[in-house]
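Here is how the chains run, residue by residue.
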Amino acid sequence: MVQIEDLGRIIDEHPFFQGIDGKLRGLLVGCAANERVDAGQYLFRQGGHADKFYLIRAGSISLEIHAPGRTIMVDTLTEGEVVGWSWLVEPYRWTFDARAQELTRLVSFDAKCLRGKMEADAELGYEVLRRFVPVMGHRLAATRLQLVDLYGPAE
Amino acid sequence: MTALPAEPMLPSPFRIVKVVRELADTFTLVLQPEAGGAFAFRSGQFNMLYAFGAGEVPISISGDPADDGQLVHTIRSVGPVTQALGALKVGDVVGVRGPFGTPWPVEEAFGDDLVIIAGGVGLAPLRPAIYQALANRQKFGKLIIMYGARTPQDILFRKELEKWRSRFDVNVHVTVDRATGQWAGRVGVVTNVVARAGFDPLHTTALVCGPEVMMRYAVDMVEKRGVPTDKVHVSMERNMKCGLGLCGHCQWGPHFVCRDGPVFRFSEIAELFPVREL
Amino acid sequence: MVPGIGTKVVFERNELDRLITALRERQYRVVGPTVGEGAILYEEMTSSADLPAGWTDSSQPATYRLNRARNGRVFGYTLAAQSWKRHLYPPRQRLFRAERAGRGFRLSGGGGDEAPMAFIGVRACEMAAMQVHDRVFTQDGFTEPGYVRRRQAAFVVAVECAHAGATCFCASTGTGPAVGPGYDILLNEILDAGRHVFVATAGSEKGGEILAGLSCRAPAAAELSAAAAQPASAAAEQQRRMSADAAGVLSRSAESPHWDNVAGRCLTCGNCTMVCPTCFCTSVEDVTDLSGDIAERWRNWDSCFTIDYSYIHGGSVRQSGASRYRQWITHKLASWQQQFGTSGCVGCGRCITWCPVGIDITAEVRALEDREQGR
């Protein structure tokens with residue numbers, strides 16, 4: 001049980017779930033696990049089953065698209081950020097590759113487990129989505145800025 | 001009226017003593033006055049550089065304000081005059097008028113965390129402020145440099161950024177818009193870094209320089225973090241032809257960017273910033 | 001005896017020749033109203049025969065006509081097409097000449113040995129415009145040497161308006177029709193019942209000295225009252241007026257939908273900026289000879305209505321005509337106050353007359369004001 005208490009504290013301290021109600025946190029802990037991924041290792045690959053999402057405790061993860069002959073990095077996520085929302089959207093498949101740039105420690109949440117609890121407990125469902133939506137909005141805005149090619153040559 | 005003045009539109013000759021190829025389209029000229037003597041300036045100021053027969057362009061000074069023995073300009077080749085400047089070699093002469101414009105208020109930030117946010121070649125006008133901050137390191141809280149570039153190949157002053165990052169008392173965050181797998185750093189816009197960087201918003205001074213769109217979003221994020229806008233400073237770019245508030249081209253609302261800027265306190269221009277085509 | 005400053009004397013119309021001669025003898029290049037290109041132009045003159053005696057002008061939005069007058073009034077027109085700006089801050093000025101020397105070049109300055117100028121026929125609004133330029137070209141930290149040199153050397157013979165043109169509105173901008181201080185000689189032309197004289201006021205010692213060389217007499221009371229009545233009647237004739245709150249209206253109107261309305265009419269030709277006596281924007285031009293060994297840098301009048309005016313790397317800031325008209329009028333009437341402590345508009349009405357589509361600066365301010373007040 002020590003491990004579960006630890007996970008509860010980690011979830012509490014991570015910016016993503018900061019301030020969450022104790023009862024809901026308890027539900028989250030039931031689906032959570034500690035993970036580590038070594039530098040260069042993949043957390044997941046494009047097209048794979050999105051059966052988890054992650055909170056980064058330390059380290060950094062790059063989101064990549066693999067093309068024949070090269071890999072294009074599209075975003076980097078670091079300590080305090082959340083990785084992955086494909087688990088929320090059918091057919092639950094990863095959109096990008098996620099690779100550790102260094103030794104990275106994370107908390108993972110089992111998607112099937114959490115989706116089930118969210119279906120059963122609308123309060124938990126709302127709380128999780130309420131925290132995901134601003135992150136999605138921010139990343140969409142940031143991606144659009146990248147599209148602008150701010151520093152590129154003038155037309 | 002006052003006594004007859006000297007010719008403010010007449011450049012002084014400076015000889016090129018060093019040329020550094022920084023990036024594919026960006027180079028640095030190190031200059032010394034033909035007439036000898038020093039060139040004093042403040043961080044954030046700019047000069048009008050004249051290439052013989054080609055014309056004159058406003059270029060910010062990218063050297064160390066504590067070193068007035070040489071004048072350093074980092075230039076991106078984007079037009080005929082900057083291309084003419086790029087074709088010059090050590091020993092050639094350029095015309096210089098200046099320094100012009102308002103400085104980065106580095107001293108004003110003493111006691112605060114100093115957050116420097118640069119995009120693209122916008123790191124060049126901020127480098128003098130970084131030198132000044134490093135020379136007065138103990139007078140600040142945190143010193144954070146956040147820099148966004150297009151790709152890893154477009155990172156300006158890369159060696160210096162690496163040197164600064166290796167210090168224990170400076171935080172350097174570099175992010176690029178796109179990269180391939182060889183890049184071990186961050187990908188994403190510089191606003192992402194601003195969103196997460198550790199500084200105390202209520203005791204922070206932010207200096208921001210980059211393309212206007214980047215500055216708009218960066219300032220937005222700094223504001224969201226809770227930094228008061230009278231402690232946020234931006235460096236504006238407009239068409240400057242004289243440096244004296246005389247030719248009219250650089251007007252931005254009531255301001256002559258060459259004289260009242262280029263560095264503006266954000267709270268004083270917050271209303272102009274979002275007006276399109278001003 | 002030399003008339004002291006403020007002293008009024010009277011001389012006959014035929015003494016104008018002697019006035020011009022006296023100025024020329026003192027090495028002034030005399031510039032005054034002449035008839036040419038179907039308009040009144042301020043050009044160099046050698047005798048009073050060059051003056052537009054018997055001519056009058058008629059100004060309407062987008063219309064300017066030179067007409068024969070029924071009398072022989074010398075200053076019977078209102079304004080020349082272009083202002084004295086052409087002479088004090090010429091449309092094309094050489095800034096320097098550079099000659100290749102080894103790996104470098106040698107620079108020589110723009111000029112400065114021009115003869116001093118005497119201006120004959122400066123109107124109240126035009127004198128106000130010169131005083132606006134005095135502030136523009138003499139700022140903290142620097143002065144524009146060419147302008148200051150020419151302005152300090154210039155001799156000003158002002159002429160007070162007896163009538164207003166249809167596009168005049170100086171009474172509402174506080175810049176006329178009465179001529180304020182700053183002249184060397186002020187003239188009021190009196191033409192009635194066979195009498196054609198000038199009431200002259202000495203405005204400086206130089207002015208007094210010139211008047212001392214003319215055949216003058218003391219003015220009669222009727223002549224003094226006729227002269228004094230002229231600016232009042234010229235003010236009463238004015239049909240247009242600038243809103244007293246123009247600066248306020250414009251500073252609040254950056255996002256007004258009215259700009260698109262103006263843009264629908266404005267051709268962005270820049271005529272208004274060329275004829276405006278206070279518009280001072282310039283650009284620079286670099287030229288080299290065929291050998292490439294000699295380069296010159298020239299300063300040319302420019303206009304905020306051109307697309308290149310606001311060019312920065314990546315494109316011009318002001319792409320739309322709406323934004324360029326907004327820039328011009330907002331600068332003229334509002335920003336100018338913050339920049340130079342005075343309005344940039346002196347109410348001469350040239351921008352209305354010479355606008356090919358007759359855009360009226362006073363009407364545009366009124367339209368913005370109406371929109372603001374929901375009218």
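Residues numbered from 1 in each chain as written. Chains lettered and ligands numbered in written order. Predicted model: local features only at pLDDT ≥ 70, side-chain atom pairs only at ≥ 80, totals over all residues. Heavy atoms only, no water.

> An account of the overall build of chain B is needed here, citing residue identities and associated values.
For chain B, the helix and strand inventory stands at seven helices and 16 strands. Here the C-alpha radius of gyration of chain B, 18 Å, is about what a compact globule of 278 residues would show, namely 19 Å. Projected onto its principal axes, the C-alpha coordinates of chain B cover approximately 50 × 45 × 40 Å. Long-range pairs, those at least 24 residues apart, make up 70% of the contacts in chain B between residues at least 6 apart in sequence. (Helix = DSSP H or I, 4+ residues; strand = E, 2+ residues; numbered from the N terminus. Rg over C-alpha atoms; globule rule 2.2 N^0.38 Å. Contact = heavy atoms within 4.5 Å.)

> Which residues make up helix H4 (residues 122-148) of chain A, and what values go with them?
Residue and element names in this part refer to chain A. Taking 1.5 Å of rise per residue, 27 residues should cover 39 Å, and H4 covers 39 Å from first to last C-alpha, within 8% of that figure. For H4, the side-chain oxygen to backbone nitrogen distance between the N-cap and Glu123 is 3.0 Å, and the N-cap itself is Asp121. Phi for Asp149, located one or two positions after H4, is positive at around 55°. (Expected span 1.5 Å × (residues − 1). Polar contact = N/O pair within 3.5 Å; in protein donor to acceptor, adjacent residues only side chain to side chain.)

> Explain the interface of chain B and chain A to me, and be specific about the residues and the numbers.
Facing 27 residues of chain B, the contacting portion of chain A comprises 22 residues. Together chain B and chain A conceal approximately 2100 Å² of surface at their shared face, both sides included; 54% is due to carbon and sulfur atoms. Contact with chain A buries area across many residues of chain B, yet Arg150, Val187 and Arg196 of chain B alone supply 24% of it, more than any other trio. Taken together, the links from chain B to chain A amount to four salt bridges. Linking Arg178 of chain B and Asp149 of chain A is a salt bridge whose minimum nitrogen-to-oxygen distance equals 4.0 Å. Our count for the contact surface shared by chain B and chain A stands at 11 residue pairs in polar contact (both at pLDDT 80 or more). Breaking the side of chain B that touches chain A down by element, the ones donating at least two residues are strand S8 (143-149), strand S10 (179-180), strand S11 (186-187), helix H4 (190-196) and helix H5 (212-224) of chain B. Here the residues of the side of chain B that touches chain A sort into 12 nonpolar, nine polar and six charged. (Buried area = accessible area lost by both parts, 1.4 Å probe. Salt bridge = Lys/Arg side-chain N within 4 Å of Asp/Glu carboxyl O. Nonpolar A, V, L, I, M, F, W, Y, C, P; charged D, E, K, R; others polar.)

> Go over the interface of chain B and chain C with me, naming the residues and quoting the values.
Each side of the interface is counted separately: chain B has 46 residues, and chain C has 60 residues. Buried surface at the junction of chain B and chain C, summed over both partners, amounts to about 4400 Å²; 58% is from carbon and sulfur atoms. Put simply, chain B and chain C have two salt bridges between them. Inspection of the chain B/chain C interface yields 23 residue pairs in polar contact (both at pLDDT 80 or more). Looking at the side of chain B that touches chain C, the elements with two or more residues in it are strand S4 (55-60), strand S6 (93-100) and strand S15 (255-256) of chain B. Counting residues per element, the side of chain B that touches chain C draws most heavily on S6 of chain B, which supplies three residues. Within the side of chain B that touches chain C, the residues separate by chemical class into 22 nonpolar, 12 polar and 12 charged.

> So, the sheet that holds strand S7 (residues 104-109) of chain C: which residues are in play, and what are the values?
Residue and element names in this part refer to chain C. Taken in spatial order, the four strands of this open sheet run S7-S6-S16-S15, and their pairing is antiparallel. Each edge of the sheet is formed by a strand with only one pairing partner; in this case those strands are S7 and strand S15 (282-288). Across this sheet, the average inter-strand angle for adjacent strands is 25°, counted without regard to direction. Examined bridge by bridge, strand S6 (residues 92-101) and strand S16 (residues 294-301) share seven bridges and lie antiparallel to one another. Across the sheet, residue Glu99 finds its bridge partner in S16, namely Ile294. (Pairing = 2+ DSSP bridges. Axes fitted to C-alpha atoms, helices over the stretch in contact; angles between N-to-C directions.)

> Which residues make up the state of the cysteines, and what values do they have?
Counted according to the given criterion, the structure contains one disulfide over all chains. A sulfur-sulfur separation of 1.9 Å characterises the disulfide bridge that pairs Cys31 of chain A with Cys113 of chain A. On the sign convention where negative means left-handed, the S-S torsion of about -70° between Cys31 of chain A and Cys113 of chain A marks this disulfide as left-handed. One end of the pair, Cys31 of chain A, is in the loop between helix H2 (22-29) and strand S1 (32-37); the other, Cys113 of chain A, is in helix H3 (residues 111-120), with 82 residues separating them in the sequence. On the basis of relative accessible area, Cys31 of chain A is assigned to the buried category, the value being 6%. The structure places no disulfide on Cys242 of chain B, whose sulfur is separated from the nearest cysteine sulfur, that of Cys247 of chain B, by 3.9 Å. Take Cys242 of chain B: its relative accessible area is 2%, and that puts it in the buried class. The thiol of Cys168 of chain C is not disulfide-bonded; the next cysteine sulfur, from Cys170 of chain C, is found 6.1 Å away. (Disulfide = S-S within 2.5 Å. Buried < 20%, exposed > 50% of the residue type's maximum accessible area, 1.4 Å probe, protein only.)

> Break down helix H4 (residues 145-153) of chain C for me, with residues and values.
Taken as a whole, H4 of chain C has its buried residues at Pro145, Gly146, Tyr147, Val148, Arg150 and Arg151 of chain C. Measuring from the backbone nitrogen of Gly146 of chain C back to the side-chain oxygen at the start of H4 of chain C gives 3.2 Å, which picks out Glu144 of chain C as the cap.

> Break down the sheet that holds strand S2 (residues 26-33) of chain B for me, citing the residues and quoting the values.
Residues and elements named next belong to chain B. If you walk across this open sheet you meet the six strands as S4-S3-S6-S1-S2-S5, and the pairing is antiparallel. Strand pairing shows two members of the sheet lacking a second neighbour, S4 and strand S5 (71-76), which therefore form its edges. Across the sheet, the mean angle separating the axes of adjacent strands is 40° when strand polarity is ignored. For strand S1 (residues 12-23) and S2, the ladder comprises eight bridges, and the chain directions are antiparallel. Residue pairing for S2: Leu23 is matched across the bridge by Thr26.

> Residues and numbers for the nonpolar core, please.
If you look at the biggest cluster of nonpolar residues, it comprises 121 residues, and the most contacted ones within it are Ile117, Met146 and Val234 of chain B together with Leu23 of chain C. Element by element, the count of residues in this core is highest for helix H3 (residues 124-137) of chain C, at nine residues. Here Met146 of chain B is in contact with Val115, Ile116, Ile117, Ala118, His173, Val190, Val193, Val194, Ala197 and Phe199 of chain B, once residues within four sequence places are set aside. Within the second largest apolar cluster, 38 residues are counted, among which are Ile20, Ile61, Leu77 and Val107 of chain A. (Core = buried A, V, L, I, M, F, W, Y, C linked by side-chain atoms within 4.5 Å.)

> Give a description of empty space enclosed by the protein that names residues and reports values.
Residue and element names in this part refer to chain C. For the coordinates displayed, the defined rule picks out nine cavities of 30 Å³ or more. In this structure, the largest cavity encloses a volume near 140 Å³. Along the walls of the largest cavity sit 17 residues, with Cys266, Cys272, Tyr325, Cys355 and Ile359 positioned nearest its centre. Breaking the lining of the largest cavity down by element, the ones donating at least two residues are helix H10 (271-275) and helix H11 (321-340). The class makeup of the residues in the lining of the largest cavity is 13 nonpolar, three polar and one charged. (1 Å grid on protein atoms, 1.4 Å probe; cavity = no way out; pocket = protein on both sides within 12 Å on 5 of 7 lines; lining within 4 Å. Points joined across faces, edges and corners; volume = space filled by probe spheres on them.)

> Would you mind going over the packing of aromatic side chains in detail, with residue names and values included?
Under the criterion given, the structure shown has 37 aromatic pairs over all chains. Note on Phe256 of chain B and Phe340 of chain C: the rings are 6.2 Å apart at their centroids and 55° apart in plane angle, and the pair reads as tilted. Taken together, the residues span two chains, with Phe256 of chain B in strand S15 and Phe340 of chain C in helix H11. Phe340 of chain C carries the same exposure label as Phe256 of chain B, and that label is buried. Cluster of aromatic residues (ring-pair linked, three or more members): Phe256 of chain B together with Tyr89, Phe137, Tyr147, Phe280, Trp336 and Phe340 of chain C. Cation over ring: Arg123 of chain C sits above Tyr77 of chain C, and NZ or CZ is 5.0 Å from the ring centre. (Phe/Tyr/Trp six-rings, centres within 6.5 Å; stacked < 30°, edge-to-face > 60°. Lys NZ or Arg CZ within 6 Å of the ring centre and 35° of its normal.)

> Which residues make up the domain arrangement of chain B, and what are the values?
Residue and element names in this part refer to chain B. Considered domain by domain, chain B is made up of domain 1 (12-100) and domain 2 (107-235). Computed from C-alpha coordinates alone, the two centres of domain 1 and domain 2 are separated by 24 Å. Listed per partner, the contact involves 17 residues of domain 1 and 14 residues of domain 2. Both faces combined, the contact of domain 1 with domain 2 buries some 1100 Å², and carbon together with sulfur accounts for 62% of it. Scanning the region where domain 1 abuts domain 2 turns up zero salt bridges. For the pair domain 1 and domain 2, the number of links is two residue pairs in polar contact (both at pLDDT 80 or more). Here the side of domain 1 that touches domain 2 takes three residues from S5, the largest share from any one element. Of the residues contributing to the side of domain 1 that touches domain 2, the split by class is five nonpolar, eight polar and four charged. (Domains from an automatic or database assignment.)

> Give a description of the packing of H11 of chain C against helix H13 (residues 361-372) of chain C that names residues and reports values.
Residues and elements named next belong to chain C. Closest axis-to-axis distance for the H11/H13 pair is 12 Å, and the angle between their directions is 95°. Considering their axes alone, H11 and H13 lie roughly perpendicular with respect to each other. Along its contact with H11, which presents Tyr325, Trp328, Ile329, Lys332 and Leu333, the element H13 presents Ile361, Glu364 and Val365. Of the residues belonging to the contact of H11 with H13, the class tally is six nonpolar, no polar and two charged. (Parallel < 35°, antiparallel > 145°, perpendicular 65-115°, else oblique.)

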